[in-house]
Amino acid sequence: MAAPALDIRNGRSSSVEKVREQAEEVTRAAVEISNIAGDVGRGAEEQAASIEKALGSAGAMSSSLKDTATQAESVATSAEELVSSINEIAASVEQVSANSVSLAQSVTQTSSAIKLAGSSIQNVVGKAQEMSTSAQQVTASMSEIISSIKSVSSETDALTSSANETAAAIEEMSRSIEAIASNADDLSAAADETASSVNEMAASIEEVAAMSENLASSVDELSSSMEQMARSVRAVAQNAEKITEAAAGATTTAEQMDRSIRSVASLAKQADQTTGRVARDAEEGGAAVQKSIQGLGRVRDSMAQSATVIREMGKRANEIGGIIDTINLIAERTNLLSLNASIEAARAGDAGRGFAVVAEEIRNLADRSARATSDIATIIKGLQEVAYEAVTSSNDGLRIADESSRLGEDGLSGLKKILAGVEETSRVTGQIARATDEQLAAAQLVVGAIGTTAVQAKQVSTAMAEQTTSVQSIVQATGQMRRIAQETAKAMNEQGRAARELIKTAQNTTSISAQVRRASMEQAQAAKEITEAAEAMRRGAASTSRSLVEQATAGNQISTEATRLANIVSSVSKAMAEQTVAADQISAASEDMRRQSDQVAKAMTEQAGALRDMMGAVKDVSRQIGSITRANREHLNASASFSGVLADVRQVTERNVRGARETLRVAGGLTEQARTLNAIMDGAAGNGFAGKKARKKKKSKR
Amino acid sequence: MLEEQNGSKTFIIFELAGTTYAVRSRLVQQMEMIEEITPVPNAPASVEGVVFSRGRVIPALNLRVRFGFERIPIDLRTRLIVIEVGERNVGLIVDSAREFISIEASAIQPPNEAISGLSGKYIEGIATVDNRIVLILDLSEVINLAEILIGDQPAHTGAQPAKQG
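A. Geometry of the overall build of chain B. Along chain B, the regular secondary structure elements total four helices and eleven strands. A burial count over chain B gives 31% of its 165 residues as buried. The contacts in chain B between residues at least 6 apart in sequence include a share of 57% that link residues at least 24 apart.

In structure tokens:
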């Protein structure tokens, strides 16, 4: 920028202006860059600081992760130890469980053994009680024995004394007995005599008694046969009366029968007559029926003949019809011919006039014959219809005649049957008439016989009434006889009995006196023996008395012993009862024990289950710790690489910071240069307008 | 001629479907009973066939069919009226024909206006004979061949289509 020349000052001025503007822009840009670089520097520094912090915390995390990993590993180790120890526990628990189960079993056995022991103890107790009771009973009976021995002893004493007394009395008695024996001998002789005389008397009484009994029995027989006779006489009398009544009834009946037989006879005769008339009528009817059957046969024949004739007539009528057809055809042809003749005649004109007339007449004739044949045809048709109807009706007539003939034959056979029946009836009625005649004769005989019977029965009845009266008086007489005989027999029986008793008494007296004598001698003998025995007894009683005293003493001792025994048994019993109670308690306790050991076994089993669960849980824990350890390692690796990255970032950031500082420095230089340039530009412009403008702009920029 | 001289004309009277018709006897060649008709193939419905008459073969026209009535079987009274119109001989089959009469010309009246339509062209006139109404036929119209062919459908179905002319 050398000093400018005037002529080019204007041109230069504009380009300088431009340069100045650019310089200003550069300045502005440099300032902005400087600002930005400042900002960048500050941000980079902040970033570096925060990276430092991050690095620090990453290092801390890494170290804590390392710690964690270590701890996790130790946890894993301890978990494994835990698992093994739990396994051991489980094994010991299972052992305990098994032991407790066997304990329970042995407790159960013990319990049952205790129960057995208890029941045997109770048995022993029962036995001991029984023993105690029987000991008491022994004691009691020993006491009784003792007391009875004592009483026996005292009685023995009394016996001894009374034996002495007895002996004395017996000696006296022996003497009086001998006296009695001599008296008895006398008595015996007298009794013998009495007995023989009484025997004789008794024999005679018995004879009388037997005779009177015979008499009574024969009177009885007589009496009963008389009574029988009286009863039969009465019965005969009653029967005779009944016969009389029956004869009277029979007479009446026979008369009625006679009357009815007569009426039957007359009716049978009437029936015979009627039957004869019926037979005649039936025969006449049969003849008439046969005649009508023959007449019907003739009717049938003539019907058949007329039917044949009528059919023949119909055939002829048909033939006539054929002839009529022919005649008709001829008439038609004649008509045709006459028409053709008329046509030809008309063509011939006047020459054909006569011919035309003839043709006309021929045509008329033909028409007439046609009409006549038509009439005949109608008549023939009617005739044929009538003939057909006649044939039909004659066929019907034939059929009806046949049926009538058959019916007539049926009627004839019916009439023949009637005739046979009537003849049978006639024969039967003849038999009836004969039988009734015989019956009539027989009935008259019966009536006569019945009358005779009635008269005889009346006579019998009268005779029987008389017999009844006499028999009744006989019966009364025999009744009196029987009573007397009975009384006699009774009296004789009583006498016999008395005699027998007398004999018996006499015999007794004799035998008694003999016995008395014998007894007296025996008594005497016995008295002697008693006396001797009494002496022996007295001696024995004394010795018995002594031994009884000894016995009483021994019995007392036994009693005492028994009482003691009873006491001992009682105490044993009590002890056994206590034992029983104890055994029961033991049993209950062992039962409890068994229950508890069961519970223990159950609890052990549960514990074993719980331990297994726990072991599973610990294994899970161990596994999770393993996974945590693995994760930790990965974290550690990650944080290490993170730290590396952070270090890189820090380096970059530091470079940034350095770059930013550099940039700041450069921007400051640039700003300085731009200001310098501006100042130069201002000086180069030299002029106020541009300069002012530029200054103003600078001022505004600043 | 007889007819011209006494002012009357002779006619053949015939019956067809209950109506009495008349044809001039001058136009009638002869009358016959029908014995045998030989059918011809592809003939119109009204043409029954051909008959042999007095040495000639002539067509037999069923007048019932021609006039639109139903066909009836041939019997003893059926007649064939052989006519000659112009140079043509034709046999007309009618129910019966038994009369030959002469009718006064004054007794013949022209056909009534009421029936002079389609059917009227066959009627030459109407006469009253013995209290009977008699329709006198115009035979040239009746045997008009073209009309027979047009008015009728073929009565017999032949193997070949019809050749007319």
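Once you've had a look at it, read on.
B. Representation of the overall build of chain A within the structure. Counting secondary structure elements, chain A contains three helices and zero strands. Reading the secondary structure of chain A in the N-to-C direction produces α-α-α. Counting only residues that meet the buried cut, chain A has 16% of its 702 residues in that class. At a minimum sequence separation of 6, the contacts of chain A that also span at least 24 residues come to 95%.

C. Spotlight on the nonpolar core. If you look at the biggest cluster of nonpolar residues, it comprises 40 residues, and the most contacted ones within it are I12(B), A22(B), V23(B) and I81(B). With residues up to four places along the chain from it excluded, the contact list for A22(B) reads F11(B), I12(B), I13(B), A127(B), V134(B) and I136(B).

D. Focus on the sheet that holds strand β2 (residues 19–24) of chain B. All names here are of chain B. As summarised here, the arrangement of the six strands in space is β8-β1-β2-β11-β10-β9, forming an open sheet in which the pairing is mixed. Every other strand in the sheet has two partners, leaving β8 (96–104) and β9 (108–109) as the edge strands with one partner each. The sheet contact formed by β9 and strand β10 (residues 123–129) spans two bridges and is antiparallel. The partner of Q109 across the bridge, within β10, is I126.

E. Spotlight on the confidence of the model for chain A. Residues and elements named next belong to chain A. Here chain A shows a mean pLDDT of 74. Residues at 70 or above account for 80%. Ranking the helices and strands of chain A by mean pLDDT puts helix α2 (residues 353–685) first, with 76, and helix α3 (residues 688–701) last, with 46. Low pLDDT, under 50, characterises residues 1–5; the stretch is placed with four contacts to residues that sit more than four places away or in other chains. Within the model, pLDDT remains below 50 along residues 688–702, and this stretch shows 15 contacts once partners closer than five positions in the same chain are excluded.

F. Spotlight on the sheet that holds strand β4 (residues 47–53) of chain B. All names here are of chain B. An order of β3-β6-β7-β5-β4 is seen for the five strands of this open sheet, with the pairing classed as mixed. The open sheet has two edge strands, β3 (28–33) and β4, and neither has a second partner. The sheet shows a mean angle of 30 degrees between the axes of neighbouring strands, direction not considered. Relative to strand β6 (residues 79–85), β3 runs antiparallel, the two being bridged by five bridges. Opposite V28, over in β6, you have I83 as the bridge partner.

G. View of the interface of chain B and chain A. Counting residues at the interface gives 13 residues for chain B, matched by eleven residues for chain A. For the side of chain B that touches chain A, the secondary-structure elements that each account for two or more residues are β1 (8–16), β3 and β8 of chain B. Here the element with the most residues in the side of chain B that touches chain A is β3(B); it accounts for four residues. Classifying every residue of the side of chain B that touches chain A by side-chain character gives eight nonpolar, three polar and two charged.

H. Region of interest: unusual backbone geometry. Residue and element names in this part refer to chain B. A positive phi angle, near 50 degrees, is found at A17, a position not held by glycine. Tracing the chain through its elements places A17 in the loop between β1 and β2. A positive phi angle, close to 50 degrees, is found at R54, a residue other than glycine. Position of R54 relative to the elements: it lies in the loop between β4 and β5 (56–62).

I. Inspection of the pairing of β10(B) at higher detail. All names here are of chain B. In this structure, β10 lies alongside strand β11 (residues 132–137), joined through six bridges in antiparallel fashion. Each residue of the ladder has a partner; that of V129, found in β11, is R132. Connecting β10 to the antiparallel partner β11 that follows it, the hairpin turn spans two residues, and D130 within it adopts a positive phi of roughly 50 degrees.

J. Spotlight on the confidence of the model for chain B. All names here are of chain B. Residues of chain B with pLDDT of at least 70 account for 78%, and the chain-wide mean is 80. Under a pLDDT of 50 for its full length, residues 1–5 has, in the predicted model, six contacts with residues more than four places off or in other chains. Here residues 155–165 is a poorly scored stretch, pLDDT under 50, and it has 14 contacts once near neighbours within four places are set aside; other chains count. Across the whole predicted complex the pTM is 0.37, and at the interface the ipTM reaches 0.82.

K. Representation of the environment of L55(A) in the model. Residue and element names in this part refer to chain A. Positionally, L55 belongs in helix α1 (residues 9–348). Sequence separation between L55 and R650 is 595 residues, and the spatial gap between their C-alpha atoms is 9.0 Å. Among residues more than four places away in sequence, those in contact with L55 are S643, L646, A647 and R650.

How each quantity is defined
- Residues numbered from 1 in each chain as written.
- Chains lettered and ligands numbered in written order.
- Predicted model: local features only at pLDDT ≥ 70, side-chain atom pairs only at ≥ 80, totals over all residues.
- Helix = DSSP H or I, 4+ residues; strand = E, 2+ residues; numbered from the N terminus.
- Buried ≥ 20, exposed ≤ 12 C-beta atoms within 10 Å, placed from the backbone.
- Contact = placed C-beta atoms within 7 Å.
- Core = buried A, V, L, I, M, F, W, Y, C linked by C-beta atoms within 7 Å.
- Pairing = 2+ DSSP bridges.
- pLDDT = per-residue confidence, 0-100.
- Axes fitted to C-alpha atoms, helices over the stretch in contact; angles between N-to-C directions.
- Nonpolar A, V, L, I, M, F, W, Y, C, P; charged D, E, K, R; others polar.

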